[in-house]
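# Close look at the chain arrangement
Here is what each chain is made of, one letter per residue.
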Amino acid sequence: MLKLTNTLSGELEEFTPADGKTVRIYVCGPTVYDYAHIGNFRYFVFSDILRRHIKSKGWEILEVMNITDVDDKIIEKALAEDVDLRTYTDKYTDAFFEDSELLGIERPEQIVRATDHIPDMVALVRDLLEKDIAYAEGGSIYFRVSAFPSYGRLSRIDTRELKVGARVDVDEYDKESPQDFVLWKAPKLDKEPRWETDIGTGRPGWHLECSAMSMKYLGASFDMHCGGVDLMFPHHENEIAQSEAATGKPFVRFWVHSEHLKVEGQKMAKSAGTFYLLRDLIDKGFDPLAIRYLLVSVPYRKQLNFTFDGLHQAAQSIDRIKEFLFRLSSAQLAAGEDASTAGVLDDARSRFDAALDDDLNTAVALAAVFDLIRTVNTALEAGTVREQNRARIEAWFDEVDRRLGIVRRASARGDKDSRVDELIAQRKEARAARDFALADEIRQQLTDMNVVIEDTKDGTRWRFE
Ligand code: AMP
Ligand code: ZN
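This write-up is about the structure you can find in this document. Within each chain, residue numbers correspond to sequence positions counted from 1 in written order. Labels are handed out in written order, letters beginning with A for the chains and numbers beginning with 1 for the ligands. Side-chain atom pairs in this predicted model are given and counted only at pLDDT of 80 or more, local residue features only at pLDDT of at least 70, and totals for whole chains, interfaces and linings cover all residues. Each side-chain value is worked out from all heavy atoms of the structure, with water and hydrogens disregarded.

Here we come to the pattern of salt bridges. A pair is scored as a salt bridge if a Lys or Arg side-chain nitrogen falls within 4 Å of a carboxyl oxygen belonging to Asp or Glu. Summed over all chains, the structure comprises 36 salt bridges. Between Asp 353 and Arg 403 there is a salt bridge whose closest N-O contact spans 3.3 Å. Residue Asp 353 is located in helix H10 (residues 339-357), and its partner Arg 403 is located in helix H12 (residues 387-404); the two are separated by 50 residues in the primary sequence. Residue Asp 353 is classed as partly exposed on the basis of its relative accessible area, which comes to 27%. Exposure remark for Arg 403: the relative accessible area of 6% places this residue in the buried category. In this structure, the salt-bridge partner of Glu 387 is Arg 390, at a minimum N-O distance of 2.7 Å. Taken together, the residues Glu 387 and Arg 390, both in helix H12 and three residues apart, mark about one turn of the helix. Three or more residues joined by partner-sharing salt bridges are found here, namely Asp 48, Arg 51, Arg 52, Lys 55, Glu 63, Glu 106, Glu 109 and Arg 292. Each helix is a run of DSSP H or I of at least 4 residues and each strand a run of E of at least 2, with the numbering of both proceeding from the N terminus. Burial classes: relative accessible area under 20% of the type maximum marks a residue as buried, over 50% as exposed, and values in between as partly exposed (1.4 Å probe, protein chains only).

Below is the structure:
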């Protein structure tokens, strides 16, 4: 039974999809004005863990992620570089997905760009204008917060503090300014991109984009919506207001927010030298798998303090998993199954599942994995592990990998691995034929694939570096 903290109620609630079958989920995506930083990726890794967990429950998933490809910062930067909006945002959108792939983040079913959905946004604004919930002024269109009495329910802001009638029309504004917000923005700069529409010439506000696109693909009411905690207010509050005021239906059942990442205990800041992109860390020689491990290791509702010490420890944890699997795969084991080791596995598996069901407690799930490693290592030393135990433990590590994406299993039977087995067999033949030049060449090929081999009396063992 999956339980998640629903920001809407502030409580841990049991989650199942409304139709019992497909989880319809919207993940607020990146604003592509620059490369995403590791704080952004903490959030995207969290949404990936959530996604993988949902799939493990046997539900289908329909995940929609937006790409915010028009906003003040993007326009400013594209104008400064004198390139059109699409050229500018394509570069960072591609970089975002490249980085996501390096971090093992699965691709959502539907990736939607704001600028491809202007007619959907216009239709939503028109609806709000007709209902007299939106009003035009100075070429822009605003949402009248006083027309939506439950405004503030998600973030629990005190609505008495709302300065009703005051207006904010920038994309990024102070959290303490809960005022009428902009839906449609009249152009200010000469060269600013604009759309000619029947609600006027201009461009959409950021909040509008997420309401229009989520409802287009997921329906007026859907299961789940995610974002970092900073999006709770005003972004998500405004999404709820726009959507519910237009449709009269509850917008989202579960709101799930992940906490921020800090660097060495501080907010990420270029000036303090505490601002990192994924590529900065890869350039420093860190394995994306270790970075992912670090991001996964702290449950999403806790702040994560990124430190290089922590990253080194994450790399060591990955090594421990690899070493364990190497050791297990190359051990000489007797046939059959040892009951005590089987019990250790059952226990680890149920602790792992229960931890992830408990609001995605990745820290406890990882503790279950490492407890198993410790106990089975001792059992391997004592010679009690049997063939059947190995097969089941290896199969479970495949499952752990499907769920957390932190095990690159050396003994997995993937394509790359069968290629390794093939090369090792060829090398053996070459050596038997005393063709050492060929044997060396094959060894080099394996090294190039980051495969380390070791010749033992029982044959050649190998693992990924
Ligand atoms: P943006 O590209 O700025 O729209 O942000 C994309 C996502 O990253 C949002 O859901 C933010 O809440 C999240 N985010 C931004 N900064 C951080 C951070 N330091 N730690 C965790 N998540 C963050
Ligand atoms: Zn959004």
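Read on for the rest.
Moving on to the nonpolar core. Leu 4, Phe 143, Phe 306, Phe 324 and Phe 397 are the most contacted members of the largest nonpolar core, which totals 125 residues. Considering every element that reaches this core, the biggest residue donor is helix H11 (residues 362-382), with 10 residues. Among residues more than four places away in sequence, those in contact with Phe 143 are Leu 128, Ile 133, Tyr 135, Phe 148, Asp 180, Phe 181, Leu 183, Ala 241, Gln 242 and Ala 245. Here, nonpolar core means buried Ala, Val, Leu, Ile, Met, Phe, Trp, Tyr and Cys residues that are tied together by side-chain atoms lying within 4.5 Å of each other. Grouped together as the second largest cluster of nonpolar side chains are 10 residues, Ile 424, Leu 446, Val 451 and Ile 453 included. Any two residues whose heavy atoms approach within 4.5 Å are treated as being in contact.

The subject of this paragraph is the coordination of the zinc ion (ligand 2). A 2.8 Å cut-off from the metal defines N, O and S donors, relaxed to 3.2 Å for Na, K and Ca; water is not in the atom list, so some sites may appear incomplete. Distances from the zinc ion (ligand 2) to its protein donors, Cys 28 (SG), Cys 210 (SG) and His 235 (NE2), fall within 2.1 to 2.2 Å. Linear spacing of the donor residues for the zinc ion (ligand 2) on their chain is C-x181-C-x24-H. With Cys 210 in helix H5 (residues 206-218) and His 235 in helix H6 (residues 232-247), the pair connects residues that are 25 residues apart, well separated along the chain. Take Cys 210 and His 235: they sit in the same class, and that class is buried.

Geometry only, nothing functional implied.
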